[in-house]
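Residues per chain are reported as follows:
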Amino acid sequence: MSAAFPKVDALFDGEPPPPPVRVGPRVKRLRFLLGVAIFFDVVGLVFSVVPGAALTLWAWLAADTEAARIEAGGHDEGAAAAVLGLRNVARWAMVLTVACLLAQAWLLHQGFYTVVWAELYDAVLRVWGRLRGG
């Protein structure tokens, strides 16, 4: 018997099908993970896109794992729609990540970070000097 079709296997084996898996916490975790990943992707243009890229990849792989469970018949209809929607968002988040990585490489090549961080450093020194009374 194949584990890919548990409902069909259960029908012919005479066993009841396994109950649908509760995915509410998994969907919430995926939403949170995607939100944090997209935030880090965008904010990472100033610092580094790599943490956001790692989180986005993690969310994308987690969404694919949940989608594989749907195909195996492990989720109910409502949960399946939520997971497939998050899988689509994760796919677009990966596109955003690649765009941010390319943008960061271009900005680095143009010397953008050297100018921005030098200006930020000077501004911090001016504020620090005013706070110290100098």
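Bear in mind the structure is a predicted one, so any value in this text is a computation, not a measurement.

**Q** How would you sum up helix 4 (residues 77–110)? Please name residues and give values.
**A** The end-to-end C-alpha distance of helix 4 is 50 Å, a good match for the 50 Å that 34 residues give at a rise of 1.5 Å each. Three or more residues of helix 4 are buried, namely Ala 79, Ala 80, Val 83, Leu 86, Ala 90, Ala 93, Met 94, Thr 97, Cys 100, Gln 104 and Leu 107. Immediately beyond the C-terminal end of helix 4, within one or two residues, lies Gly 111, with a positive phi of roughly 85°.

**Q** Got a sec to walk through the pattern of salt bridges? Specific residues and values, please.
**A** Under the definition given, this model contains two salt bridges. Across the pair Asp 64 and Arg 87 runs a salt bridge whose closest N-O atoms are separated by 2.8 Å. Taken as a pair, Asp 64 in helix 3 (residues 50–71) and Arg 87 in helix 4 lie far apart in primary sequence, 23 residues in all. A residue is classified by how much of its surface remains accessible, and Arg 87, at 23% relative accessible area, is partly exposed.

**Q** Outline the packing of aromatic side chains, supporting the account with residue identities and numerical values.
**A** Across all of its chains, the model carries three aromatic pairs by this definition. Relative to Phe 40, the ring of Phe 39 has its centre 5.9 Å away and its plane inclined at 50°; by these criteria the two rings are tilted. The class of Phe 40 is partly exposed, set by a relative accessible area of 35%. A centroid spacing of 5.4 Å and a plane angle of 80° characterise the contact between Phe 112 and Tyr 113, whose relative ring orientation is edge-to-face. Take Tyr 113: its relative accessible area is 10%, and that puts it in the buried class.

Basis of the calculations
Residues numbered from 1 in each chain as written. Predicted model: local features only at pLDDT ≥ 70, side-chain atom pairs only at ≥ 80, totals over all residues. Heavy atoms only, no water. Helix = DSSP H or I, 4+ residues; strand = E, 2+ residues; numbered from the N terminus. Expected span 1.5 Å × (residues − 1). Buried < 20%, exposed > 50% of the residue type's maximum accessible area, 1.4 Å probe, protein only. Salt bridge = Lys/Arg side-chain N within 4 Å of Asp/Glu carboxyl O. Phe/Tyr/Trp six-rings, centres within 6.5 Å; stacked < 30°, edge-to-face > 60°.

By themselves, these are just geometric observations and shouldn't be taken as functional.
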